[in-house]
Amino acid sequence: MTDVVVDPATTKSGGHASSWKALVIQPVAILVVLAAFAVWLNTADLTATERSTLNPADLVALTWQHLMLTVVSTAIVLVIGIPLGIVLTRGPLRRASGVILAVANFGQAAPAVGLVVLLAFWLGFSFWAAVIALVLYAILPVLRNTIIGIESVDQRTVEAGRGMGMSAFSVLIRVELPLAVPVMLAGIRTALVLLVGSAALATFIGAGGLGLLITTGVNLFLPKVLVAGALLIALLALSIDWLGRIVETYARPKGLR
């Protein structure tokens, strides 16, 4: 019986090929669906109300509002989640990481719409109330993956760095964080997709976004408007996920690609 030997280089190159195919196919599929939607929008038999709701200028404005909610929330999540995750892997604060993650898990388990509405009653029905709710809802994947990524680094590698005379900060910056990057980026991609989907709930507190199309479609019994809103949010989420894939591919340390 002959043993089958798998060449790691071949496996690695095959993985790269499939990864690059996914990076190419996904945006092409998004553009094809978006083009089909544009053709349908121009040729469909729409009522005056549907035509007014789905006019291109309003769609662009709502998409921009949705993007702003996502981008601002993402920036805050990264500014808070990554440093907090790093701090919770250092010294005595490591013991508190379990408690912090438990609290974050509890926050994410709460219904997103309930969190948005409760914060709106406290902070006012505004853009920033929606942003804070989105941050609280999406910070867990970034926080958790930062902690897991750093803690999964082989301690022998860390000790080797310290043995070479590197300070604890240098080991963190030059050894631990680069090796934790793949896990951290996976958490950031998850948070991005969560934010795009959850940003649709901002419409309930007057913060705009593509969720307005969904609520309008439900309230006025306009299924075409409802489906259009859901489709645009899905395409936006897929586009953000694709950008996250690109960043994940190029931000990995060369030895881990």
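Because the structure is a prediction, the values reported are computed rather than measured. (Residues numbered from 1 in each chain as written. Predicted model: local features only at pLDDT ≥ 70, side-chain atom pairs only at ≥ 80, totals over all residues. Heavy atoms only, no water.)

Below, the discussion takes up the packing of aromatic side chains. In total, this model carries 3 aromatic pairs according to the counting rule given. Look at Phe127 and Trp128: their rings are 5.3 Å apart centre to centre, the planes differ by 90°, and that puts the pair in the edge-to-face class. (Phe/Tyr/Trp six-rings, centres within 6.5 Å; stacked < 30°, edge-to-face > 60°.)

For the structure on display, the rule yields 4 salt bridges. Two residues, Asp241 and Arg245, come together in a salt bridge whose shortest N-O distance is 3.3 Å. Remark: Arg245 and Asp241 occur in helix H10 (residues 223-251); sequence separation between them is 4 residues, near one turn of the helix. Judged by its relative accessible area of 12%, Asp241 falls in the buried class. Within this structure, Arg189, Asp241 and Arg245 form a network of salt bridges that share partners. (Salt bridge = Lys/Arg side-chain N within 4 Å of Asp/Glu carboxyl O. Helix = DSSP H or I, 4+ residues; strand = E, 2+ residues; numbered from the N terminus. Buried < 20%, exposed > 50% of the residue type's maximum accessible area, 1.4 Å probe, protein only.)

The end-to-end C-alpha separation of helix H5 (residues 112-123) is 16 Å, in line with the 16 Å expected for 12 residues at 1.5 Å each. Looking at H5, one finds that the buried residues are Ala112, Leu115, Val116, Leu119 and Ala120. Along the axis of H5, the buried residues cluster in a sector spanning 130°; they form a single face. Looking at H5, the residues exposed on the side facing more than 90 degrees away from the buried face are Leu118, Phe121 and Trp122. (Expected span 1.5 Å × (residues − 1). Arc of directions from axis to C-beta.)

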